[in-house]
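Given next are the chains, with one letter for each unit.
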Amino acid sequence: MNNNNKIFQFKLVLLGEAAVGKSSLVLRFVRGHFLDYQESTIGAAFLAQTVCLNDTTVKFEIWDTAGQERYHTLAPMYYRGAQAAIVVYDIRSEDSFERAIKWVKELQRQGSPNIVIALAGNKLDLAAKRKVETAEAQQYAEENGLLFMETSAKTAQNVNELFVEIAKKLPKTPTTRPGSGRLPITPIDNNAAKKKTCCNGN
Amino acid sequence: MEEEQRLNIKKEKETWIDVDQFDVVLLGTNFIESILAGALARAGKSVLHLDKNSFYGGFDSSFTLSQLATLLEESKDVKDPIPPYLSNVIVTDNSKIFEEEERLEQERKDKEEQEEQERKRLEQEKEKQTEQQDTKDDETKGGEGEESKGEEQQQEQTPIVKKPIKKTLHELGRFFSIDLAPTLLYSRGSMVNLLISSSASKYLEFKSLDQNYLYAKNTLYNIPSTKGSIFKDSTFSLREKRLIMKFIETIRELTQPTENEQDKQEQEKKLEELNSKHDGNFLKLVKSFGMTELVESFVLYGLSLIHENLESISLKQGVESVQLYVSSLLVYGTSPFLVPYYGCGDIPQAFCRLCAVYGGTYVLQRSVESLSFDENNILQGIKCTEGQPIKTKYFIASPAYVKTLDTQNTYPTITKRYSRFIGITNKKLNNTLEQSFITLPPNTCSNKNVINILQLDSICVPYLKGKTLYHFTTLSEGESTAEEDLKSSVDNFFANNTQEATSTDKPRLEWSSYFNFTFETLTNDIKEKNVLNKDGGVLVCSDSPIGSTIDYASQLEEAKKLFEYICPNEIFLEKVPEPEDIVWGEAQ
């Protein structure tokens, strides 16, 4: 079994209005905890978490907005090359749902073709103050081929489930990540590289 | 009336920034400002970063084809432009003509094919009739007759398979990433080192160029990347190969990193000897090798890649740049150069994100209206274009902004101008590898200065087959236009119409543009003064998207100096901790 277990890495971006709970969702998923007063920015480039499916392992490289959504200044670099996106809204705010729809459209226009998009209605623990009906969001998601779940980062309801559903839907072909000739740059062992260059080797 | 005014103010205030005090306000998200913003936020400063454009990077940005076309079109109408600006813009779009030609050609082919199939069908029918005749004659062949019937059915089905619809150039245009100011990164250059050390490289992906060439005597010479490839090369004579190796060996001896003190002293002594022998001049050192004209070109333009004021380059600078070239070979690929996969515009974006991750605030489409000073000429704050006053100790922007905002002080700058050509063709140059860099020494195609040519895949989507994108760049002096500076070299490589392309086998220009690019930069001594003179908190940084070297070294140096002025005791872009090392929930 273990021999067949393949690891696939995907870039996943979070989108949505400020204060809908994007960072909290990620922290619940990655760290398993929740802070009532989460600061609006996170001091990390991105977080990583792994989901194990039957015969494959999916590693998410999760990008948070770093507050750049606040004045609508997210850079195209942010969602470039993302294979998955979670568009989050607050079930208590119709504005945040409208904004989420705009993000979905932006992703369909500018994002990678074949991107897997999940719509998440967050703050399900505060359902008493709900303004966005489940059926309405569900219908929108179906019409646009999105995954849909209502979540609560506070109680952890549906958080892992959401990531697992995304992991299942992502295409697991070896060609998903490394495009032709694309490379990340990493530190290189000085001595190893030296040997190869024409002037240092003999 | 009053009520209306009050409402207006309220409406305006809705767009205001939540915070009205920052340590530093930067205007413009060019390369230098972005790196600086990232470094300042990383060092704990509160940063507000504004840009009047709706996109990041200013002229250091990368554009889709339609964005580029719009930008070029708009720049034609600007009166009294201030740097950086584009001028003498010429755009030629032949894509529709070629696409129509191709369509007609395809129709003709389809028709021929149809006729051919019709002819075959008739022939087969005839055969079948004879076969049937045969079957009657010999019943054992019946099975074969049925088989051929099956084949026939298959053949009838094949024409139904639809050919993929060919996308037009403009439909493909959105997958393009075209730089106004393309820049290359040495694999072992200061920019790549910084990207790695600061962790900003995590946001980016790169591609390695395949090959560097020198164009001389109507020939493209490979610039070899290994000793082996020098000797395999068939374009240089044996004597020339020896000269190249001797030169590289000399540079290696001078610059090889060593721990041994004695070796170090020896190196320094040797360098000093050479320095006094050649008056500290790189060109004189090169001349002393007694090279052929071709080898000299190869060394000066192919390896050193310093393309401005070559006569006055110091021996040390020349030696260092050759060493940088040589040590960058075979690090990530055969060429010493990397380019960002989605264009250079991603580099400012990566550093802006780094700034945001460390709490920096970003607002696009917003500029600065005025600066306010106290009686001692010390900056107190700025006023945004939305009317919001913001307190700040430092304001940093390019010369054009600072000059209009702070008229009390003088900020001397020098203006530089480049000629640029951007072309999209149907194929790459013959006998070249896909991603290539070509250097044209002066006087190759009646060019006064060195011309750099970059050949790239135009489309950044791996499975979409693209066109080929070309960038030509040269320093422009006097009043000559980009077309005057570059046309003869462009015509040397490309065809303008199908007839020419067919008869010469040159790539055909489907879309092209010439333009001049003017910007302001600080001279070396002004740079010092600007940083060290306390201008009351107003700091200037060059526009310069293109430096005198091929990479970002000089711009990076400038960002670093500005940073050190504001944060004298801090580390410039300290490495970001790995996610695993972060302790959560304690930073309240």
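Residues numbered from 1 in each chain as written. Chains lettered and ligands numbered in written order. Predicted model: local features only at pLDDT ≥ 70, side-chain atom pairs only at ≥ 80, totals over all residues. Heavy atoms only, no water.

Okay, the sheet that holds strand β10 (residues 337–340) of chain B next. Residue and element names in this part refer to chain B. Ordered in space as β6-β10-β7, the three strands form an open sheet in which the pairing is antiparallel. The two strands at the open ends of the sheet, each matched to only one other strand, are β6 (185–186) and β7 (206–208). As paired strands, β6 and β10 are joined by two bridges and run antiparallel to one another. The residue bridging Y186 from the neighbouring strand is F337, located in β10. (Pairing = 2+ DSSP bridges. Helix = DSSP H or I, 4+ residues; strand = E, 2+ residues; numbered from the N terminus.)

Residue and element names in this part refer to chain B. On domain assignment, one finds that chain B holds domain 1 (16–63 + 342–409 + 525–575) and domain 2 (91–95 + 175–341 + 416–520). If you look at the interface, domain 1 gives 36 residues, while domain 2 gives 40 residues. When the buried area of domain 1 at its contact with domain 2 is split by residue, Y342, I546 and I550 rank highest and sum to 25% of it. The closest approach of N and O atoms between K403 and E520, which form a salt bridge, is 2.5 Å. (Domains from an automatic or database assignment. Contact = heavy atoms within 4.5 Å. Buried area = accessible area lost by both parts, 1.4 Å probe. Salt bridge = Lys/Arg side-chain N within 4 Å of Asp/Glu carboxyl O.)

Within the secondary structure layout, A:R31 lies in helix α1 (residues 22–31). Sequence separation between A:R31 and A:Q49 is 18 residues; the distance between their C-alpha atoms is 9.0 Å.

With that settled, the discussion passes to the nonpolar core. Judged by nonpolar contacts, the single largest core of 113 residues is most densely connected at A:F60, A:I86, A:L119, A:I166, B:I35, B:M191 and B:F351. Composition of this core by domain shows at least three residues from each of domain 1 (16–63 + 342–409 + 525–575) and domain 2 (91–95 + 175–341 + 416–520) of chain B. In this structure A:F60 touches A:F10, A:L12, A:F29, A:L47, A:A48, A:Q49, A:V51, A:F163, A:I166, A:A167 and A:L170, once residues within four positions along its chain are discounted. Counting residues in each nonpolar core, the second largest holds 47 residues, with B:L274, B:F282, B:M291 and B:V319 among its members. (Core = buried A, V, L, I, M, F, W, Y, C linked by side-chain atoms within 4.5 Å. Buried < 20%, exposed > 50% of the residue type's maximum accessible area, 1.4 Å probe, protein only.)

Moving on to a negative patch on the surface. Residues and elements named next belong to chain A. A contiguous patch of negative charge on the surface is contributed by E94, D95, E98, E133 and E136. Take the negative patch: its biggest share by element is three residues, from helix α3 (residues 94–110). Among the secondary structure elements, E94 is positioned in helix α3. (Patch = residues over 30% accessible without salt bridge, like charges linked within 9 Å, V, L, I, M, F, W, Y side chains within 5 Å. Areas by Shrake-Rupley, 256 points an atom, 1.4 Å probe, with all protein chains shown as cover. Lys, Arg positive; Asp, Glu negative; His and termini not counted. Charge placed at Lys NZ, Arg CZ, Asp CG, Glu CD.)

For the rest of this paragraph, the subject is the side chain of B:H278. Tracing the backbone through its elements, the reader meets B:H278 in the loop between α10 (261–277) and α11 (282–287). Not counting residues within four places of it along the chain, the set of residues in contact with B:H278 comprises B:K284, B:L285, B:S288 and B:L315.

Moving on, we come to the packing of aromatic side chains. Residue and element names in this part refer to chain B. In the structure shown here, the tally under the stated rule is 31 aromatic pairs over all chains. Ring centres of Y394 and Y565 lie 6.4 Å apart, and the angle between their planes is 80°; on these two criteria the pair is classed as edge-to-face. Of this pair, Y394 sits in strand β14 (residues 389–397) while Y565 is found in helix α19 (residues 553–566), placing the two residues 171 residues apart along the sequence. Note on accessibility: Y394 and Y565 belong to one class, buried. For the cation-ring pair, K207 lies above Y341, with the distance from its terminal atom to the ring centre recorded as 5.4 Å. (Phe/Tyr/Trp six-rings, centres within 6.5 Å; stacked < 30°, edge-to-face > 60°. Lys NZ or Arg CZ within 6 Å of the ring centre and 35° of its normal.)

Before going further, it helps to examine α10(B). Residue and element names in this part refer to chain B. For α10, built from 17 residues, the straight-helix expectation of 24 Å at 1.5 Å per residue is met to within 8% by its first-to-last C-alpha distance of 24 Å. Its side-chain oxygen at 2.8 Å from the backbone nitrogen of Q262, N260 defines the N-terminal cap of α10. A positive phi of about 55° marks D279, the residue just after α10. (Expected span 1.5 Å × (residues − 1). Polar contact = N/O pair within 3.5 Å; in protein donor to acceptor, adjacent residues only side chain to side chain.)

Residues and elements named next belong to chain B. Most of strand β2 (residues 47–51) sits inside the fold, with five of its five residues counted as buried. By the bridge criterion, four bridges tie strand β1 (residues 21–27) to β2 in an arrangement that is parallel. Directly across from V24, in β2, lies its bridge partner V47. With helix α2 (residues 31–42) bridging β1 and the parallel β2, this β-α-β connection has right-handed handedness. Relative to strand β11 (residues 361–364), β2 is paired through four bridges, and the arrangement is parallel. Note on β11: the bridge partner recorded for H49 is Y362. (Right-handed = clockwise from strand over helix to strand, strands pointing away.)

One can find A:P76 in helix α2 (residues 76–79). Since its relative accessible area comes to 37%, A:P76 is described here as partly exposed.

Residues and elements named next belong to chain A. Reading across the sheet, the six strands line up as β2-β3-β1-β4-β5-β6 and stay open at both edges, with mixed pairing between neighbours. In this open sheet, the two edge strands, each paired with only one partner strand, are β2 (47–52) and β6 (147–150). Along the sheet, successive strands turn relative to each other by an average axial angle of 25°, direction set aside. Relative to strand β3 (residues 56–63), strand β1 (residues 6–16) runs parallel, the two being bridged by eight bridges. By the bridge assignment, K6 is partnered in β3 with T56. Across the sheet, α3 lies against β1, β4 (84–90) and β5 (116–122), angled at about 165° from β4, the strand it touches most. (Axes fitted to C-alpha atoms, helices over the stretch in contact; angles between N-to-C directions.)

Once that is clear, we can look at the packing of α1(A) against helix α5 (residues 159–169) of chain A. Residues and elements named next belong to chain A. The geometry of α1 relative to α5 is characterised by a closest axis approach of 9 Å and an angle of 85° between their N-to-C directions. On the basis of their axis angle, the class for α1 and α5 is roughly perpendicular. Counting all contacts with α1, which are made through L25, R28 and F29, the residues of α5 involved are V159, N160 and F163. (Parallel < 35°, antiparallel > 145°, perpendicular 65-115°, else oblique.)

Before going further, it helps to examine empty space enclosed by the protein. Residues and elements named next belong to chain B. Throughout the structure, instances matching the rule amount to seven cavities of 30 Å³ or more. Taken as a whole, the largest cavity holds about 280 Å³ of empty space. In terms of lining, the largest cavity is formed by 23 residues, of which the most central are P182, N452, T473, I546 and I550. Elements that contribute at least two residues to the lining of the largest cavity include exactly β17 (451–457) and β18 (468–475). Looking at the lining of the largest cavity residue by residue, the classes come out as twelve nonpolar, nine polar and two charged. Split by domain, the residues of the lining of the largest cavity number at least three in each of domain 1 (16–63 + 342–409 + 525–575) and domain 2 (91–95 + 175–341 + 416–520). Reported here for the second largest cavity is a volume of approximately 130 Å³. Around the second largest cavity, the lining is made up of 18 residues, and of these S177, D179, P340, G343 and L456 lie nearest the centre. (1 Å grid on protein atoms, 1.4 Å probe; cavity = no way out; pocket = protein on both sides within 12 Å on 5 of 7 lines; lining within 4 Å. Points joined across faces, edges and corners; volume = space filled by probe spheres on them. Nonpolar A, V, L, I, M, F, W, Y, C, P; charged D, E, K, R; others polar.)

What follows covers α5(A). Turning to α5(A), its buried residues number three or more, namely A:V159, A:L162, A:F163, A:I166 and A:A167. When α5(A) is viewed along its axis, its buried side chains cluster within an angular range of 135° and face the same direction. (Arc of directions from axis to C-beta.)

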